[in-house]
Amino acid sequence: MVFVGDEQFWGLVWPDVEGLGIDAISVVGDAVWIDLHARQPTVTCPACGVTASRVHSTYMRRLADRPLGGRRVLLRLRIRRFFCDNGPCSRRTMAEQVPGLTMRYRRRTTSLARMVQAIGLAVGGRAGARLAGYLPVQTSRDVILGELRRLPDPPSSQVTVLGIDEFAFRKGATYGTVLIDVETRRPIDLLPDRTADTVASWLADHPEIRVICRDRCSTFSQAAARAAPDAIQVADRWHLLHSLARAVERTAHQHRVCLRKDAETGDLNQLQAPSDPASLAALIGPPEPSDPPDGQLLARVRQWHTDIHQLRERGWTISAIANRLGRDRKTVRHYLTTDLDQILASARERRPNGHINRFKPYLQQRFLGGATNAAALFREIRERGYRGSRVVVTKYIATLRAGTAAPEPPRPIPSPRRITTWIMRHPDSLTDRQRDQLDRILDACPDLATARDLAHEFSAIARERRGHDLTHWMTRALDQGPSPVQGFASFLQNDWDAVVNGLTLPCSSGAVEGQVTRIKLIKRRSYGRASFSLLRTLVLAQPP
């Protein structure tokens, strides 16, 4: 046992604690035991507030403290009980508390309790218990959650600019409401549902709100109009642009026929043979990323063969096997009636043939340029990456010579979502190839070109905060725009003031969307076990 008298060192360990005497320290296993006592001469009665100095008795209190030197710290604190000499007071005795160190009914010091709360807020209960073992702090999931529930709500302040949005308890089933102070970007409250009555009741208790940032949800607009009629409602710009992008995507869906017609290739005789080697090399397509190596192909064939025969031995019909494995019935029958070696050999023979598709445009251009020798053309494409057989090249050149070559498949049509992405992005952010593809698509479909012009104009209005120009855009969209864009413009008219404010004022719901993402993270970390009260604490509480 070591007796310590260095007051300066223990002042560094407990900088916020005064009137504490250290009696002794000892090391037992992985824990440091510290014996200490309080030296304050008087205490204040918690019931009547009268100072008491007459000691009734003493007892030992054991507390856990923050780790020291990589070891757990346990305190044996000698506590005194005092008489309350105030006659009218209902208390007769009271136990002393050491400010900054102890709290009533707690087995942890104030600093350790803050540490446990910070762990719980950072990673949650179960993960926090695992993390605490490495610090080392001996605690459990229930202890961490209990400490979190002790955290008070953040102090209320005057909210001038409010952000409001919904979040899902169960997506598609139950929802709640999160309220954000946009100026400080901090959450101020969580509501258990998203009904207009609940939101209006909360807004009625906060008459200081001047601006409400929200999405296009009608529930929030009705609640704001009912409880805060003088507040300025601001529709979020991101949601407006997102709705416009969906309208453009629906337009691209409706005009797939125009794009298919444009994608059809012309006759081979209409091709013009380029003369420079760089243009010829550009005709060779890139390798297909979904084309597996030979080893993977043969392994896949073996696996299919094994699966089909195993199911057949269990009494499955050919149709049932085809449905189970997602194969055609003819393929299943072929695997059942053909030897595996023959199937593998057939796969090896067919494998190189697919490679020639990449080189067909090159061969066509060279053939039209006068190079009709199949052997010479085979050597040319062999140097450029062709790994198939010469027989395949010879047969294809023969079809070109006879004029019976099968027409090339049409150019792949970009998906409506990809077209929408190209339209909604700034033109300077597109690559040359993307810009060329988009220009060809817009030339083939005038409605998509109109939708592109309207989308760019609306994006410029939102980016430059020119809400006063929305009237002109609205007139043009309703008169010239495709039907999905007209529907978007008509929908804006139902919330006109909020839309104009969203395109004019600098306020937005960006902070609200960030908090919704944070709530998703907290919910998933809690595995859905957190009650609403605990979830509200985890969202609102600030680290101690």
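In case you missed it, the structure is sitting above this.
Residues numbered from 1 in each chain as written. Predicted model: local features only at pLDDT ≥ 70, side-chain atom pairs only at ≥ 80, totals over all residues. Heavy atoms only, no water.

**Digging into helix H16 (residues 390–402)**
Helix length check: H16 (13 residues) gives 18 Å between terminal C-alpha atoms against 18 Å at 1.5 Å per residue, within 8%. Positive backbone phi, approximately 75 degrees, marks Gly403, located one or two places after H16. (Helix = DSSP H or I, 4+ residues; strand = E, 2+ residues; numbered from the N terminus. Expected span 1.5 Å × (residues − 1).)

**So, the packing of helix H20 (residues 470–480) against helix H21 (residues 483–493)**
Remark: H20 packs on H21, axes separated minimally by 8 Å, with the N-to-C direction vectors making an angle of 140 degrees. Classified by the angle their axes make, H20 and H21 are oblique. For H20 against H21, the interelement crossing comes out left-handed. Only Val485, Gln486, Phe488, Ala489, Ser490, Leu492 and Gln493 of H21 make contact with H20, whose side of the interface consists of Trp473, Met474, Ala477, Leu478 and Asp479. Across the contact of H20 with H21, the residue classes break down as 8 nonpolar, 3 polar and 1 charged. (Axes fitted to C-alpha atoms, helices over the stretch in contact; angles between N-to-C directions. Parallel < 35°, antiparallel > 145°, perpendicular 65-115°, else oblique. Left-handed = near helix turned anticlockwise from the far one by under 90°. Contact = heavy atoms within 4.5 Å. Nonpolar A, V, L, I, M, F, W, Y, C, P; charged D, E, K, R; others polar.)

**Some details on unusual backbone geometry**
Note that the residue after Leu135, namely Pro136, is joined by a cis bond; omega there is 0 degrees. Relative to the assigned elements, Pro136 resides in the loop between helix H3 (125–132) and helix H4 (141–149). A positive phi angle, near 60 degrees, is found at Arg185, a position not held by glycine. Relative to the elements of secondary structure, Arg185 occurs in the loop between strand E9 (174–181) and strand E10 (186–191). Phi at Arg465 is positive, roughly 60 degrees, even though this residue is not glycine. The topology assignment puts Arg465 in the loop between helix H19 (446–464) and H20.

**So, the packing of aromatic side chains**
Counting across every chain of the model gives 8 aromatic pairs. With a centroid separation of 6.1 Å and 70 degrees between ring planes, the pair formed by Phe169 and Phe532 is classed as edge-to-face. With Phe169 in strand E8 (residues 161–170) and Phe532 in helix H24 (residues 532–540), this residue pair connects regions lying 363 residues apart in the sequence. Three or more aromatic residues joined by ring pairs form one cluster here, namely Phe167, Phe169 and Phe532. If you follow Arg194 out to its NZ or CZ, it ends over the ring of Tyr175, 4.0 Å from the centre. (Phe/Tyr/Trp six-rings, centres within 6.5 Å; stacked < 30°, edge-to-face > 60°. Lys NZ or Arg CZ within 6 Å of the ring centre and 35° of its normal.)

**Observations regarding the sheet that holds strand E12 (residues 232–235)**
The 5 strands lie next to each other as E10-E9-E8-E11-E12, forming an open sheet whose pairing is mixed. Edge positions in the sheet fall to E10 and E12, since each of these pairs with one other strand and no more. Each adjacent strand pair in this sheet contributes to an overall mean axis angle of 30 degrees, direction not counted. Pairing geometry for E8 and strand E11 (residues 211–214), over 3 bridges, is parallel. Bridge pairing links Leu162 to Ile212 in E11. Packing against the sheet, helix H5 (residues 196–204) makes contact with E8, E9, E10 and E11, and its axis sits at approximately 130 degrees to E10. (Pairing = 2+ DSSP bridges.)

**Some words on the pattern of salt bridges**
In total, this model carries 21 salt bridges according to the counting rule given. Ionic pairing is found between Glu147 and Arg108, a salt bridge with its closest N-O pair at 3.1 Å. With Glu147 in helix H4 and Arg108 in the loop between strand E7 (93–95) and helix H2 (110–123), the pair connects residues that are 39 residues apart, well separated along the chain. Asp142 is the partner of Arg141 in a salt bridge, and the nearest nitrogen-oxygen pair spans 3.7 Å. Judged by its relative accessible area of 31%, Arg141 is partly exposed. Taking relative accessible area as the criterion, Asp142 reaches 56% and is therefore assigned exposed. One salt-bridge network, in which partners are shared between bridges, spans Arg106, Arg108 and Glu147. (Salt bridge = Lys/Arg side-chain N within 4 Å of Asp/Glu carboxyl O. Buried < 20%, exposed > 50% of the residue type's maximum accessible area, 1.4 Å probe, protein only.)

Without other data, these values stay purely geometric and don't point to any function.
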